[in-house]
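# Coordinate inspection notes
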Amino acid sequence: MTTQPGRSAEEEFQPVTEEQLAEQLAYYSSRAGEYDDWWLRRGTFDKGEAANEVWFREAELVRSVLSSVELGDDVLELAPGTGTWSVHLAPRARSLLLVDGSAEMLAHNPAAKEEQVRTEIADLFTWETDERFDAIVFTFWISHVPRERLRPFFRSLGSWLRPGGRLFFVDDLPLATTEPHVDGAAGQTMTRRLNSGESATIVKNFYPGAELVAAANEFGIDLDVRESETYFQYGTGRRR
């Protein structure tokens, strides 16, 4: 496997513990009220007019890619959080299922109130369903999946997608390690601060596109992974 920037191979292969996954979930529950500072308002992430212009331009590029994906009727969004992407999915879906581990995050998601939208609070590493979907979307989630769980995650995606079903994801590029709320990174983990000053350890992996393509292909998904110039890795796929 490819070593992440600034991290040794020895660090990278240390498995993530259940305690670390619980800390990650607690961090995002605590961050629910301030999460949109990062994506929408920028807040403490404001790096000045020029940098913000690049951020919003690249964000719009990725949104346009999602707009081009044929979602079909039944859509699953994993880790939807406060609804940054849910609000773009809900108007296009006959039914939208939002599955998140954090009730606090879902409480801030405006799409959750829509008639065609269902929500479920569940551990995304153990959640299973007999439902099948025309499209699955996950945004800023794949980097939080431990390496030892990557193949099982794609196995689940392959089983939940109907033949011909579509996949979309977006996540960070390694520049995210320089954000102001990041205190450090080691192995598969990153230490981040909340606005309150409290810190927590989360999982953060920057997967090379080729690694994601190989994992998806193994479970019947043809995946195309691309990068914007500065901030985002994104991908579209189709279940064979």
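What comes next concerns the included structure. Only a predicted model underlies this, so the values are computations on that prediction, with no experimental measurement involved.

## Things to note about the overall build of the protein chain
- Across its full length, the protein chain carries eight helices and 10 strands.
- Relative to the globule expectation of 18 Å for 240 residues, the C-alpha radius of gyration of the protein chain, 17 Å, shows essentially globular dimensions.
- With the C-alpha coordinates aligned to their principal axes, the bounding extent of the protein chain is approximately 40 × 35 × 35 Å.
- Across the 240 residues of the protein chain, 53% fall into the buried class.
- For the protein chain, the share of sequence-separated contacts (at least 6 apart) that also reach a separation of at least 24 residues comes to 62%.
- Carbon and sulfur atoms make up 50% of the accessible area of the protein chain, which amounts to about 10,700 Å² in all.
- Charged side chains of the protein chain number 25 positive and 40 negative; the gap between the two group centres comes to 4 Å.

## What to know about the pairing of strand β10 (residues 232-239)
- A large share of β10 lies buried, amounting to six of its eight residues.
- Where strand β5 (residues 161-172) lies against β10, seven bridges are found, and the strand directions are antiparallel. Among the inter-strand pairings, Arg166 is bridged to a residue of β10, identified as Arg238.
- Where strand β9 (residues 221-227) and β10 come together, seven bridges link them in antiparallel fashion. From the neighbouring strand, Arg226 faces β10, where its bridge partner is Tyr234.

## Focus: the pattern of salt bridges
- On inspection of all chains with the given rule, the structure shows 16 salt bridges.
- With a shortest N-O distance of 3.6 Å, Lys204 and Asp171 are connected by a salt bridge. A residue pair is termed long-range when its members are at least 10 positions apart, and Lys204 in the loop between β8 (199-203) and α8 (209-218) and Asp171 in strand β5 qualify at 33 residues. The pair formed by Lys204 and Asp171 is uniform in burial state, with each residue classed as buried.
- One continuous salt-bridge network, built from bridges that share partners, spans Asp73, Asp74, Arg94, Asp134 and Arg162.

## Some thoughts on the sheet that holds β10
- Strand order in this open sheet of seven strands is β3-β2-β1-β4-β5-β10-β9, and the pairing throughout is mixed. Of all the strands in the sheet, just β3 (117-121) and β9 have a single pairing partner and so form its edges. Strand-to-strand, the axes of this sheet are offset by a mean angle of 15 degrees, without reference to chain direction.
- Here strand β2 (residues 95-100) pairs with β3 via five bridges, running parallel. Within the sheet, the bridge partner assigned to Leu97 lies in β3 and is Arg118.
- This element, helix α4 (residues 49-68), spans β4 (133-139), β5 and β10 of the sheet and lies at about 0 degrees to β10.
- Against the sheet, helix α7 (residues 150-160) engages β1 (74-78), β4, β5, β9 and β10, with an angle of about 140 degrees to β5.

## Points about the environment of Met105
- Residue position: Met105 is located in helix α6 (residues 103-107).
- For Met105, a relative accessible area of 3% translates into the label buried.
- Contacts of Met105, omitting those with residues within four sequence positions, involve Tyr28, Ala32, Tyr35, Gly81, Thr82 and Asp100.

Each value, and the rule that gives it
Residues numbered from 1 in each chain as written. Predicted model: local features only at pLDDT ≥ 70, side-chain atom pairs only at ≥ 80, totals over all residues. Heavy atoms only, no water. Helix = DSSP H or I, 4+ residues; strand = E, 2+ residues; numbered from the N terminus. Rg over C-alpha atoms; globule rule 2.2 N^0.38 Å. Buried < 20%, exposed > 50% of the residue type's maximum accessible area, 1.4 Å probe, protein only. Contact = heavy atoms within 4.5 Å. Areas by Shrake-Rupley, 256 points an atom, 1.4 Å probe, with all protein chains shown as cover. Lys, Arg positive; Asp, Glu negative; His and termini not counted. Charge placed at Lys NZ, Arg CZ, Asp CG, Glu CD. Pairing = 2+ DSSP bridges. Salt bridge = Lys/Arg side-chain N within 4 Å of Asp/Glu carboxyl O. Axes fitted to C-alpha atoms, helices over the stretch in contact; angles between N-to-C directions.

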